[in-house]
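Coordinate inspection notes
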Amino acid sequence: MTDEPPCTYTTAIAALLLGALGPRERQDLEVHLRQCPTCLGELVLLAPLPGLLHRAAPPGSCPRWDP
């Protein structure tokens, strides 16, 4: 048994959400999403994450925590 995603397109979903795909890759993935319920479900699940990134503290703004 392997830990591979169920679909080879699954790993491209994050890149799509972050705007990191080129026009051709984006078009290919958008076509694929119409045919693959697994990837469409992943897209729905991950869609809110890019909007939450702006809430992350900028590097260096949090004091280092040393127990």
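Details of the structure are given in the entry above.
What comes next concerns the included structure. Note that the structure is a prediction, hence the values are computed from the model and not measured. (Residues numbered from 1 in each chain as written. Predicted model: local features only at pLDDT ≥ 70, side-chain atom pairs only at ≥ 80, totals over all residues. Heavy atoms only, no water.)

1. Section: the nonpolar core
Operational definition: Among buried residues, the Ala, Val, Leu, Ile, Met, Phe, Trp, Tyr and Cys ones that are joined through side-chain atoms within 4.5 Å form a nonpolar core. Exposure is judged per residue with a 1.4 Å probe applied to protein chains only, and the accessible area is read against the type maximum: over 50% gives exposed, under 20% gives buried, and values in between give partly exposed. The contact criterion used throughout is that any non-hydrogen atoms of two residues lie within 4.5 Å.
Residues Cys7, Ile13, Leu16, Leu21, Leu29, Leu33, Cys36, Cys39 and Leu43 constitute the largest nonpolar core, which totals 9 residues. Once residues within four sequence positions are removed from consideration, Cys39 is found in contact with Cys7, Tyr9, Thr10, Ile13, His32 and Leu33.

2. Considerations on the pattern of salt bridges
Worth spelling out the cut-off: Salt bridge criterion: a side-chain nitrogen from Lys or Arg within 4 Å of a carboxyl oxygen from Asp or Glu. To qualify as a helix, a DSSP run of H or I must reach at least 4 residues; to qualify as a strand, a run of E must reach at least 2; elements of each kind are numbered from the N terminus.
Applying the stated criterion to the full structure yields 2 salt bridges. Note that Arg24 and Asp28 form a salt bridge whose closest N and O atoms lie 3.4 Å from each other. Remark: Asp28 and Arg24 occur in helix 2 (residues 23–33); sequence separation between them is 4 residues, near one turn of the helix. Residue class for Arg24 comes out exposed when judged on its relative accessible area of 57%. The class of Asp28 is partly exposed, set by a relative accessible area of 30%. Here Glu30 and Arg26 are joined by a salt bridge, their closest N and O atoms 2.9 Å apart. One end of the pair, Glu30, and the other, Arg26, are both in helix 2, 4 residues apart, so they sit about a helical turn from each other. Note on Arg26: relative accessible area 40%, which makes it partly exposed.

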